[in-house]
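Reading the structure
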Amino acid sequence: MRAVTLPASLEHLKEALDFLEARAREAGLDGKRILEMQLALEEVLANVFTYAYPDGGGVVEIRCFPEGSGRLAIEVRDRGIPFDCLSRKDPDLEAVLDDRPIGGLGIFLFKRLSSRVEYRREDDTNILSLLF
Amino acid sequence: MEITKSKEGKGLVISVKGRLDAVTSPSFDKEMEETLAEGETALVVDFEHLDYISSAGLRSILAVTKQLKARDGRIVLASLKDIVREVFEISGFNKIIPIYASREEAVSNL
């Protein structure tokens, strides 16, 4: 397992995505799959950056676990306010332009891009696990 | 991310190169705001050199689409790479914004 801990702010998004790319290459994933994983991680982190620490100053930890045969699990941990993103309702994909809200797609995207998503709260920590 | 604009036919072609994500979408939004302020109402967004888009980029595209609709304008997209097309399909945005295989086709369908 390899992990990185970063301040929970947008300026550190690139570092997080670069870390993931390196781990994904080590695990033998190909280019398009790596982009899909980066996209999923960006969406998870965007929520953490925006909502986890209303007073700012928090950190986020990203753990990568190679699962063998080109699979990789990612865990995103923050100690912000409890947030179960899986409890959010999916957007209405059939809605016409006027009825499509601006935003609200991030969670749906990472749910669709990963093969399994789990949320748990352990003590003061939100843990979101994604399997690719 | 790099943005270049060129007048083609009756529209403005906006080529976006690189990544359209949470970091770069604010500067894309700013470019679009300026473009609309200049009175452009027929836009082709050429994604031939766009390597990556996240929900922040989708949000930007949806916002400009809504603004153009409000002023009887039109926006179409061209030349999406596989990963970008996949994001448009998952989000259902391919049903609300016309997507063409090439820039030429997009311009002629404005």
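What comes next concerns the included structure. (Residues numbered from 1 in each chain as written. Chains lettered and ligands numbered in written order. Predicted model: local features only at pLDDT ≥ 70, side-chain atom pairs only at ≥ 80, totals over all residues.)

1. As for the sheet that holds strand β4 (residues 116–122) of chain A
Residues and elements named next belong to chain A. Strand order across the open sheet formed by five strands is β1-β2-β3-β5-β4, with antiparallel pairing between neighbours. In the strand order of this sheet, the two ends are held by β1 (2–7) and β4, each with one partner. Recorded for the sheet is a direction-independent mean angle of 15 degrees between the axes of neighbouring strands. As paired elements, strand β2 (residues 59–68) and strand β3 (residues 71–78) share eight bridges and run antiparallel to each other. Each residue of the ladder has a partner; that of Cys64, found in β3, is Ile74. (Pairing = 2+ DSSP bridges. Helix = DSSP H or I, 4+ residues; strand = E, 2+ residues; numbered from the N terminus. Axes fitted to C-alpha atoms, helices over the stretch in contact; angles between N-to-C directions.)

2. Observations concerning the interface of chain A and chain B
Each side of the interface is counted separately: chain A has 21 residues, and chain B has 21 residues. For the side of chain A that touches chain B, the secondary-structure elements that each account for two or more residues are α1 (13–26), α2 (31–52) and α3 (106–113) of chain A. Considering every element that reaches the side of chain A that touches chain B, the biggest residue donor is α2 of chain A, with seven residues. Residues that form the side of chain A that touches chain B fall into these classes: 11 nonpolar, two polar and eight charged. (Contact = placed C-beta atoms within 7 Å. Nonpolar A, V, L, I, M, F, W, Y, C, P; charged D, E, K, R; others polar.)

3. Things to note about the environment of Val48 of chain A
Residues and elements named next belong to chain A. Within the secondary structure, Val48 is located in helix α2. Assessed through the 23 C-beta atoms surrounding it within 10 Å, Val48 is described here as buried. In this structure, the C-alpha to C-alpha distance between Val48 and Arg121, residues 73 residues apart in sequence, is 14 Å. Apart from residues no more than four positions distant in its own chain, Val48 is found in contact with Ala8, Val60, Val76, Asp78 and Gly80. (Buried ≥ 20, exposed ≤ 12 C-beta atoms within 10 Å, placed from the backbone.)

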